[in-house]
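# Architecture and fold: a report
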Amino acid sequence: HRHGIDVEYVGNPLLDSVAAFREKSGKTDFRKKNKLDERPVVALLSGSRTQEIKYTLPVMAEAAKGKPEFQFVVAGVQTVNPDLYENALRGTDIKLVFGQTYELLDCAYAALVASGTATLETALFKVPQAVLYRMEGGWLTQLIMRNFVLKIQWASLPNLILNKTAICELLQTDMTIKKVKAELERLIFNLEYRNSIAEDYNQLAEIMGTPGVSEKAARKMLEILSIQ
């Protein structure tokens, strides 16, 4: 609109994906299928690429230690070498599941999520989360990306859409075991903090609109074509 272009927002296709899943979801089946007990589940979404998982999963696994009242589950990606997960999770009781990300989020109490589309999916499932990300270059890369390349205050989609810090982002040099562990404890133990995130998620849902995005887009295309 700022540049004089006629724009109409029809929504995000993730809304349709989540809605379609919810029509056929079954939390009990997921727990039973993956031999999970009744303890609250904390989802660990470490990313979809090798480098993301290499950096984030070991930190997530360390942060999960010492919390026997919760069970931690990693959303594995089948296109990634399984050794990557095995090395990071060796010596822990963290479970690993493949191809069941939505099922995991649907029963999760909280989540640690690598920055990307998964942060928005987690928000749409109303799961309190913290966002993690690290790439080569440490603080210098972070400085350049934030101030000279992207020029944005946030990296995660929920925060960008809401234009505020709704969920904590621990990026680059901030993604330490100590900080991730402290944030995880806030997510699972601090009810006021969880409620604050839930309120922001409600606002996010209002902004994003309702499912039926594909149909809305198709109808708009037909309308434009008929005018022309």
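Now for a description of the structure that goes with this document. (Residues numbered from 1 in each chain as written. Predicted model: local features only at pLDDT ≥ 70, side-chain atom pairs only at ≥ 80, totals over all residues. Heavy atoms only, no water.)

### Some points on the pattern of salt bridges
By the definition in use, this model includes eleven salt bridges. Several salt bridges converge on common partners, so that one network encompasses E8, K220 and E223. (Salt bridge = Lys/Arg side-chain N within 4 Å of Asp/Glu carboxyl O.)

### Some remarks on the pairing of strand β2 (residues 71-76)
In terms of burial, β2 is a largely internal element, six of the six residues being buried. Both faces of β2 are covered, namely the face carrying Q71, V73 and A75 and the face carrying F72, V74 and G76. Of the pairings in the sheet, the one linking strand β1 (residues 41-45) to β2 comprises four bridges and is parallel in character. Residue pairing in the sheet places L44 in a bridge with V74 of β2. Regarding topology, helix α3 (residues 50-63) serves as the crossover connection from β1 to the parallel β2, and that connection is right-handed. Both β2 and strand β3 (residues 95-98) contribute to a ladder of four bridges, which runs parallel. In the sheet register, V73 faces β3, and the bridge partner there is K95. As for the winding sense of the linkage, the β-α-β connection from β2 through helix α4 (residues 82-89) to β3 is right-handed. (Buried < 20%, exposed > 50% of the residue type's maximum accessible area, 1.4 Å probe, protein only. Helix = DSSP H or I, 4+ residues; strand = E, 2+ residues; numbered from the N terminus. Pairing = 2+ DSSP bridges. Right-handed = clockwise from strand over helix to strand, strands pointing away.)

### Some details on the packing of aromatic side chains
Any aromatic ring pair is given by two values, namely how distant the centres are and how the planes are angled relative to each other. This structure, assessed with the given rule, holds six aromatic pairs. Their ring planes at 35° and their centres at 6.0 Å tell us that F70 and Y109 sit as a pair that is tilted. Separated by 39 residues along the polypeptide, F70 in the loop between α3 and β2 and Y109 in strand β4 (residues 108-114) bring together distant segments of the chain. You can call Y109 partly exposed: its relative accessible area is 29%. Every member of this aromatic cluster is reached through a ring pair, and the members are F21, Y102 and F125. Cation over ring: K54 sits above Y55, and NZ or CZ is 5.9 Å from the ring centre. The ring of Y193 has R186 lying over it, and the distance from NZ or CZ to the ring centre is 3.7 Å. (Phe/Tyr/Trp six-rings, centres within 6.5 Å; stacked < 30°, edge-to-face > 60°. Lys NZ or Arg CZ within 6 Å of the ring centre and 35° of its normal.)

### Notes on the environment of A43
Looking at where A43 falls in the secondary structure, it is placed in strand β1. A relative accessible area of 0% means that A43 is categorised as buried. The spatial distance from the C-alpha of A43 to the C-alpha of Y133 is 16 Å, given a sequence separation of 90 residues. What A43 contacts, discounting residues up to four positions off in sequence, is V73, L104, L105, A108, A110, A111 and L112. (Contact = heavy atoms within 4.5 Å.)

### Overview of helix α9 (residues 177-189)
Over its 13 residues, α9 runs 18 Å from end to end, which matches the ideal 18 Å to within 8%, given 1.5 Å per residue. Those residues of α9 not exposed but buried are V180, E183, L184, L187 and I188. For α9, the angular spread of buried residues about the axis comes to 130°, placing them on one side. (Expected span 1.5 Å × (residues − 1). Arc of directions from axis to C-beta.)

### Brief notes about unusual backbone geometry
A positive phi is found at K126, a non-glycine position, where the angle reads about 60°. The exposure class assigned to K126 is partly exposed, which follows from its relative accessible area of 41%. Phi is positive for Q172, close to 50°, though the residue is something other than glycine. Its location among the elements puts Q172 in the loop between β6 (168-171) and α9. The buried category is assigned to Q172, whose relative accessible area is 5%.

### Concerning α3
Note that an α-helix has 3.6 residues per turn; residues three or four places apart therefore point the same way. In a regular helix each residue adds 1.5 Å, so 14 residues correspond to 20 Å; α3 covers 20 Å between its end C-alpha atoms and thus fits that length. The sharpest bend along α3 reaches about 30° and sits at T56, with the proline P58 one to four residues further on. Of all the positions in α3, only E52, I53, Y55, T56, L57, V59, M60, A61 and A63 are classed as buried. Of the surrounding secondary structure, the elements contacted by the buried residues of α3 are β1, β2, α4, β4, β5 (129-133) and α9. (Bend = angle between axes of the 7 residues up to and from the residue.)

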